[in-house]
Amino acid sequence: MQNKPLSKAEVLAHLKIAQEKDEKYESGKIFCSMCTKPLSLAKKAHKLFLESNLGDKALFLGSNQLEKEVVAALAELLHCKNAVGFIVTGGTEANLMAMLVARDQANKEAPEVILPESAHFSFHKICRLLKLKPVFARLDPTFRVDVEHVKQLITKNTIALVGTAGSAELGTVDPIDKLSNIATNFGLHLHVDAAFGGLVLPFLDYTDNFETDFDFKLEGVQSITVDPHKMGMSTIPAGGILFRSSSFLRYLKTETPYLTDQAQYTFVGTRSAASVAATWATFQLLGREGFQKTVKKCMKLTMFLASKLEETGFEVLLRPSLNIVAFRGANSKLLTDKLREMGWFVSYVPRLDCVRVVIMPHSNRQHVKEFLQCIKKLHKPNLQQKL
Ligand code: 0PR
């Protein structure tokens, strides 16, 4: 910290310089992110609650009420009105809470969790932290977890199964219905990581590529991660964790004797209510109809991009289930780098040697067309050789 105070104008000038270095969603060049530009009302709501702390609920009754209402809205959407939960910092914390509950409920000496090979990397962190042994189940040719392999991997130490509804790499939805049957038969906790898909799948047109139920409709599903700061279009940080029943809460409870509130259930103590208010505002402003409209737009663009890439000669790995396109060129890594040089942000997925494009609400048809023009140039036969 410098000795002398700066003027307000100087501070703001410095901040502006930093902010100018940040990429902007509205440029239309960001195709690598699962976050998006929040609605302006969400930003307003966020600012209104900057000082509110969900870590001391007794002081912030209004914020507490908003969190309850957001959780109730998610619970209804995911078909379990009595589900309980919290708005947390993101999918990582949500998945962590689910794994903690599953581990402590099962109470086994050498706990193992069965994950699809495609599980998000947050589970790697979580397994390290909770001392869980990750056991990976292979994928079938459609990149969904192979349920027969899952069954084979169950041992006396297994504490949970995880399925993904909207994988980060491909947007695939595991056969959650089959996992639910296995979990029920073996008495295991099934956690669904719908961090991304949880606010897409409920709004998909049934004529779209809808594969399976993924939520509490399935009796084996005990917990779901669903993140408002991804396709919920809210501000960061807004992850969501829901549990089928309040009986799970005892595994999360920490007593807070000197606070006005007697217990906390989240890892994070002091918690901002700002993104909760932003989520509440977004849900109210859009309603189901608004979400359906946004999801429809994203899916239409996704399909458009996938078909044009195929026409251009790229290999599209699978028909998109959600708003993610994964494709291969002759050298996908180099293609990703070249695109970056030209100002486009896409992801290279080493595990599958492919390029990943996420079509979020900040992308429009014009952006996709410009992206296609650029990528077509890179795919011309002479350049293709270099790639
Ligand atoms: N589960 C799934 C299925 C996810 O896709 C993600 C994040 C998580 C859990 C973890 O969520 P948090 O990052 O909220 O803790 N998926 C994105 C990804 O890996 C995260 C992201 C978002 C990365 C925006 C970059 C970015 O610009 O791609």
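Our subject is the structure listed above.
The shown structure was predicted, so the numbers you read here are calculated from the model rather than taken from an experiment.

On to the pairing of strand 5 (residues 189-193). Burial of strand 5 is extensive: 5 of the 5 residues sit out of reach of the surface. Taking every second residue as pointing to the same face, both faces of strand 5 are buried, with His189, His191 and Asp193 on one and Leu190 and Val192 on the other. Judged from the 5 bridges that link them, strand 4 (residues 158-164) and strand 5 form a sheet pairing that is parallel. Within strand 5, the position partnered with Thr164 by the bridge is Asp193. In this fold, strand 4 hands off to helix 7 (residues 176-186), which returns the chain to strand 5; that crossover is right-handed.

Inspection of every chain in the model, using the stated rule, returns 8 aromatic pairs. Centre to centre, the rings of Phe283 and Phe291 are 5.8 Å apart; their planes meet at 75°, and the pair counts as edge-to-face. Residue class for Phe283 comes out buried when judged on its relative accessible area of 13%. Considering the side-chain rings of Phe314 and Phe327, the 5.2 Å spacing of their centres and the 70° angle between planes classify their relative orientation as edge-to-face. In this pair, Phe314 is assigned in the loop between helix 8 (274-312) and strand 10 (315-316) and Phe327 in strand 11 (residues 324-328), connecting sequence segments 13 residues apart. Of the two residues examined, Phe314 and Phe327, each falls in the buried class. One aromatic cluster is present, built from ring pairs that chain together Phe31, Trp344 and Phe371.

To continue, consider the pattern of salt bridges. Scanning all chains against the criterion turns up 12 salt bridges. Here Glu67 ties to Arg271 by a salt bridge, and the two come within 2.9 Å at their closest N and O atoms. Pair noted here: Glu67 is in helix 3 (residues 61-77) and Arg271 is in the loop between strand 9 (263-264) and helix 8, with a separation of 204 residues, a long-range link. Here Arg103 and Asp104 are joined by a salt bridge, their closest N and O atoms 2.9 Å apart. Owing to a relative accessible area of 24%, Arg103 belongs among the partly exposed residues under this scheme.

Cut-offs and rules
- Residues numbered from 1 in each chain as written.
- Predicted model: local features only at pLDDT ≥ 70, side-chain atom pairs only at ≥ 80, totals over all residues.
- Heavy atoms only, no water.
- Buried < 20%, exposed > 50% of the residue type's maximum accessible area, 1.4 Å probe, protein only.
- Helix = DSSP H or I, 4+ residues; strand = E, 2+ residues; numbered from the N terminus.
- Pairing = 2+ DSSP bridges.
- Right-handed = clockwise from strand over helix to strand, strands pointing away.
- Phe/Tyr/Trp six-rings, centres within 6.5 Å; stacked < 30°, edge-to-face > 60°.
- Salt bridge = Lys/Arg side-chain N within 4 Å of Asp/Glu carboxyl O.

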